[in-house]
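Topology and contacts: notes
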Amino acid sequence: MSERSDFGSTQRIDLHSHTSWSDGTTSVGELFAQARTAGLDVLALTDHDTVAGWPELPRAVAASGVAAVPGIEVSGEHDSRSVHILALLVDPSEDTELAAEMASARASRIERARRMVELIAADHPVSWEDVTAQVAGDTTVIGRPHIADALVVAGVVPDRSAAFTEVLKPSGPYYVPYYAPSPLDAVRAIREAGGVSIVAHPGSVTRDDDLPLGLLEAMVEAGLDGVEADHREHDASEVARLREFARRHDLLVTGGSDFHGTGKPNRLGENLTAPEVLERIEARATSGTRVIRP
Ligand code: AMP
Ligand code: ZN
Ligand code: FE
Ligand code: FE
């Protein structure tokens, strides 16, 4: 066990991160090496709509000394807007409703990315081949970040963030939605797969507006376990609002960095989850998937 996790010291726990298995830029091994450098004791791997990185976790944990919470950031859609739900300690097998929904979302993401590139290509020098060149390994989780990277390489925009605000925004002419289950179905599917569901960044100030309170309440009715209150896209008043919502509904409160490697400014460990919350997450999961400790 590392010095940082000795008895008496506070565990540093980050419950949200991505690798190049979805739209981050590091491998699983690099992610955990960087987590050690950032002084983390525990990190959840939560790639979008895939468990493809999970098999690499035991080795990454052994090499880094940082414990891993196997997870997913599941895509949902409500009223044409994206709702993300962290699914922690779920059953990763392919015969669950959750796995079927994620397979549909991944397939739809590919069609959607092709269509967006067609639309963009009418105005900017970027092709489908330019986009697939930005996809690391053999991931099937293609997103706007990969299109953004192709736009950067083509010199259309200076960086990913500019691509998101200028070319790829939902209100722009090139945006195409992709299939994702309703957030209520996603919450139920996560529970059915024995996992713990946490609505991710529900009040992102960088989005068009906050998730409607009514939707959050319906998600609680459907079995939502928690809210990710501590996230860089929440200002202080949103964090307070979400903590109060969690207190009223007896929900878990988590924090996470939403690290995407060099693809976003988010730094590992910039938001953390309390150790007793992780204990409750572990106690609640019924899937057999456990936290992987060094
Ligand atoms: P998509 O799922 O393909 O619609 O793309 C959304 C993904 O892009 C999410 O994972 C976000 O983390 C990422 N993203 C959103 N805004 C930005 C941004 N400004 N810069 C970089 N990545 C972003
Ligand atoms: Zn992402
Ligand atoms: Fe997200
Ligand atoms: Fe994320």
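Below you will find a few notes about this structure. As the structure is a prediction and not an experimental result, all values here were calculated from the model. (Residues numbered from 1 in each chain as written. Chains lettered and ligands numbered in written order. Predicted model: local features only at pLDDT ≥ 70, side-chain atom pairs only at ≥ 80, totals over all residues. Heavy atoms only, no water.)

This part takes up the overall build of the chain. A tally of helices and strands in the chain yields 10 helices and 7 strands. On C-alpha atoms alone, the chain measures out to a radius of gyration of 18 Å, which is about the 19 Å that the 2.2 N^0.38 rule sets for 294 residues. Dimensions of the chain along its principal axes, counting C-alpha atoms only, are 60 × 45 × 40 Å. Out of the 294 residues in the chain, the part that is buried amounts to 55%. (Helix = DSSP H or I, 4+ residues; strand = E, 2+ residues; numbered from the N terminus. Rg over C-alpha atoms; globule rule 2.2 N^0.38 Å. Buried < 20%, exposed > 50% of the residue type's maximum accessible area, 1.4 Å probe, protein only.)

Turning to helix α2 (residues 57-64), a few remarks are in order. For α2, the set of buried residues is L57, A60, V61 and S64. The arc that holds every buried residue of α2, seen down its axis, measures 100 degrees, which confines them to one face. Summarising the geometry of α2, the exposed residues directed more than 90 degrees from the buried face are R59, A62 and A63. Buried residues belonging to α2 abut α1 (28-37), β2 (42-45) and β3 (67-78). Positive phi appears at G65, one or two residues downstream of α2, with a value of about 75 degrees. (Arc of directions from axis to C-beta. Contact = heavy atoms within 4.5 Å.)

Taken together, H16 (NE2), H18 (NE2), E73 (OE) and D258 (OD) make up the protein donors of the iron ion (ligand 4), found 2.1 to 2.2 Å from the metal. If you look at the iron ion (ligand 4), its 4 donor atoms make angles of 78 to 164 degrees with each other, and the shape they trace is irregular. Of note, the iron ion (ligand 4) draws all its donor residues from one chain, in the sequence arrangement H-x1-H-x54-E-x184-D. Separating the iron ion (ligand 4) from the zinc ion (ligand 2) is a gap of 4.4 Å. Note that E73 is positioned in strand β3 and D258 in the loop between β7 (252-255) and α10 (275-284), a separation of 185 residues in sequence. Judged on exposure class, the residue E73 and its partner D258 are both buried. (Donors = N, O, S within 2.8 Å, 3.2 Å for Na, K, Ca; no water. Tetrahedral: all angles 85-135°; square planar, octahedral: opposite > 155°, others 65-115°.)

This paragraph deals with the site of ligand 1. Around ligand 1 lies a shell of 13 residues, among which D23, H48, R112, R144 and K264 are the nearest. In this structure, an oxygen atom belonging to ligand 1 sits 2.8 Å away from a side-chain N or O atom of R112. In this structure, K264 approaches ligand 1 through a side-chain N or O atom, which is 2.7 Å from an oxygen atom. A total of 500 Å² of accessible area belongs to ligand 1 in isolation, and the protein chains cover 88% of it. Residue composition of the shell around ligand 1, grouped by class: 3 nonpolar, 5 polar and 5 charged. (Near = heavy atom within 4 Å. Polar contact = N/O pair within 3.5 Å; in protein donor to acceptor, adjacent residues only side chain to side chain. Areas by Shrake-Rupley, 256 points an atom, 1.4 Å probe, with all protein chains shown as cover. Nonpolar A, V, L, I, M, F, W, Y, C, P; charged D, E, K, R; others polar.)

On the protein side, the zinc ion (ligand 2) has D23 (OD), D23 (OD), H48 (NE2) and H260 (NE2) as donor atoms, found 2.0 to 2.5 Å from it. Read in sequence order, the donor residues for the zinc ion (ligand 2) give the motif D-x24-H-x211-H. Between the two metals, the zinc ion (ligand 2) and the iron ion (ligand 3), the spacing is 5.6 Å. Pair noted here: D23 is in the loop between β1 (13-14) and α1 and H260 is in the loop between β7 and α10, with a separation of 237 residues, a long-range link. There is no split in this pair, since D23 and H260 are both buried.

Here the focus is the sheet that holds β7. With mixed pairing, the 7 strands of this open sheet are ordered in space as β1-β2-β3-β4-β5-β6-β7. Bordering the open sheet on either side are β1 and β7, each of which pairs with just one other strand. (Pairing = 2+ DSSP bridges.)

A few words on the environment of V156. By the secondary structure assignment, V156 is in the loop between α5 (144-153) and α6 (160-166). Those residues in contact with V156 that sit more than four places away from it in its chain are H124, P125 and L151.

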